[in-house]
Structures are given as structure tokens and as C-alpha cells.
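Residue-level structure breakdown
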Amino acid sequence: NAGVTQTPKFRILKIGQSMTLQCTQDMNHNYMYWYRQDPGMGLKLIYYSVGAGITDKGEVPNGYNVSRSTTEDFPLRLELAAPSQTSVYFCASSTTDGGNQPQHFGDGTRLSIL
Amino acid sequence: QKEVEQDPGPLSVPEGAIVSLNCTYSNSAFQYFMWYRQYSRKGPELLMYTYSSGNKEDGRFTAQVDKSSKYISLFIRDSQPSDSATYLCAMHMDTGRRALTFGSGTRLQVQP
């Protein structure tokens, strides 16, 4: 059982380039999330989705876009990469958004923007 | 001021020691309190969750929540080298805000 799969694992981008971080889950979860993790700062929510076709902004959405065309996939797009977007990005999913439901995380995409 | 404060460590202990990890928070609306464990180069995984105040035990791990003090703890008994990881506390309001609010994590190293 794969769980949450993120690709790529590592990427170096130049300032101004764009890219899409891929996330797919095979647990049939309705809720999916994108977080970024900066050193000493914990995880901050970028965007989340409560089901196919429905997305909403989190705490730090600027510079990112998402789409959710299927239950399984929740890609995150960076349109104009900036050095401030250097971070580790985690995708997660859960059955509901209740506090008693664990969020299942992928292993992250490490992104450097130079 | 951050909503959730967590000592970043690193915390180094000998094998077999009792470990105490802690978080404080400022928002009294938090109802669910979780501990996630994150190994190097991996995503976080849920260890335990507690609803409201009280204690919860699972094997060598005990989670405590004191809502009156806005203080939560995770105790690890008989710590093992395999417990070496970063431990993140996380909190959830149960209504309204859908996201978890995470602490910054405490890095734990258990020396054999």
C-alpha cells in the first residue's frame, strides 16, 4: 500500500522558473493538504482540498496554485519561483478534517530556488 | 507570538532514559492535541492524539494535556535509539479552522 506519494523528491529551480509538485494518494481520502516546512518554523498550510473540484487557501498561499480534478491527485504549482519558496513541501491526506483523524504524509519534495 | 511554542532541542539522552517533550499554546479553542514523529528525510507520522484534557498511554508513550495551563507533554519511557527523530506537536480546533497548527518540532537523539 503506497499511501501518499510525492514526486520529485528533490529539485533545484532558477528564479522565475515554474514547476508542478505532484501528489497522489491511494487511500480514497477526500481531504488533501499541502504544507511547507522551513527550519525551526514547523509546518504551515499552503492549500487544502475537501474533495475533487474544491480547493481553498491555507495560511501561506501566495505564489502557489492548486487543482483537484480527481480524488487521488492534488498537484501544487509554483508559477514564478522565488528564493523565499526554498523549502520542503509535504502533501497529506485524511478521511475527514476532524481532529481525531490522522493526516497521512508523503515523504516530501525538497525544493531549492537559486 | 506563535500560537504553539515548542523547544527545538536538540535533546540528547542515553538509551533507557525517560524523555519529556513539551509544547505550550495560546489559543484556548484547540480541542485535539497530537504528537507526530518525523524521521530524517521522511514525512511526519501520527504517534498519538488526545481530546481535551487528560492522559493517554500507548506502550512506552504517554501523552498529557493540561488545558488550564495550555501545556501538553509527551513522555517516552525506556527510550531506544530507534526513537531518535523530530517530534512535532500539533493542535486542532475541531470547528472552524480545518488545518492542524504545528509546533516547530523537538529533535531527539537517543544514544546507545
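Scope of this entry: the structure provided in the associated data block.

Quick notes on the rules
Residues numbered from 1 in each chain as written. Chains lettered and ligands numbered in written order. Predicted model: local features only at pLDDT ≥ 70, side-chain atom pairs only at ≥ 80, totals over all residues. Heavy atoms only, no water. Phe/Tyr/Trp six-rings, centres within 6.5 Å; stacked < 30°, edge-to-face > 60°. Helix = DSSP H or I, 4+ residues; strand = E, 2+ residues; numbered from the N terminus. Buried < 20%, exposed > 50% of the residue type's maximum accessible area, 1.4 Å probe, protein only. Contact = heavy atoms within 4.5 Å. Buried area = accessible area lost by both parts, 1.4 Å probe. Salt bridge = Lys/Arg side-chain N within 4 Å of Asp/Glu carboxyl O. Polar contact = N/O pair within 3.5 Å; in protein donor to acceptor, adjacent residues only side chain to side chain. Nonpolar A, V, L, I, M, F, W, Y, C, P; charged D, E, K, R; others polar.

Residues and elements named next belong to chain A. Across all of its chains, the model carries 12 aromatic pairs over all chains by this definition. Relative to Phe 105, the ring of Tyr 35 lies with its centre 5.6 Å away and its plane at 35°, an arrangement referred to as tilted. On the criterion of sequence distance, the pair formed by Tyr 35 in strand β4 (residues 31–38) and Phe 105 in strand β10 (residues 104–105) is long-range, its members being 70 residues apart. Judged on exposure class, the residue Tyr 35 and its partner Phe 105 are both buried.

Chain A puts 22 residues into the contact, and the matching count from chain B is 20 residues. Here chain A packs against chain B, burying approximately 1,800 Å² in sum over the two surfaces, 55% of which is carbon and sulfur. The interface formed by chain A and chain B includes 1 salt bridge. At the boundary of chain A and chain B, one finds 4 residue pairs in polar contact (both at pLDDT 80 or more). Where the side of chain A that touches chain B is concerned, the elements lending two or more residues are β4 and β5 (42–51) of chain A. The biggest single contributor to the side of chain A that touches chain B is β5 of chain A, with 5 residues. Tallied by class, the residues present in the side of chain A that touches chain B amount to 11 nonpolar, 8 polar and 3 charged.

The next point concerns the pattern of salt bridges. If you walk through the whole model with that rule in mind, you get 7 salt bridges over all chains. Close ionic contact of Glu 79 of chain A with Arg 77 of chain A constitutes a salt bridge, the shortest N to O distance being 3.1 Å. Classification of Glu 79 of chain A as partly exposed rests on a relative accessible area of 38%. Residue classification places Arg 77 of chain A among the partly exposed residues on the basis of a relative accessible area of 30%. Across the pair Glu 45 of chain B and Arg 37 of chain B runs a salt bridge whose closest N-O atoms are separated by 3.2 Å. Looking at Glu 45 of chain B, the relative accessible area reads 34%, which means it is partly exposed. We classify Arg 37 of chain B as buried; its relative accessible area is 15%.

All quantities given are derived from atomic positions and should not be read as evidence of function.
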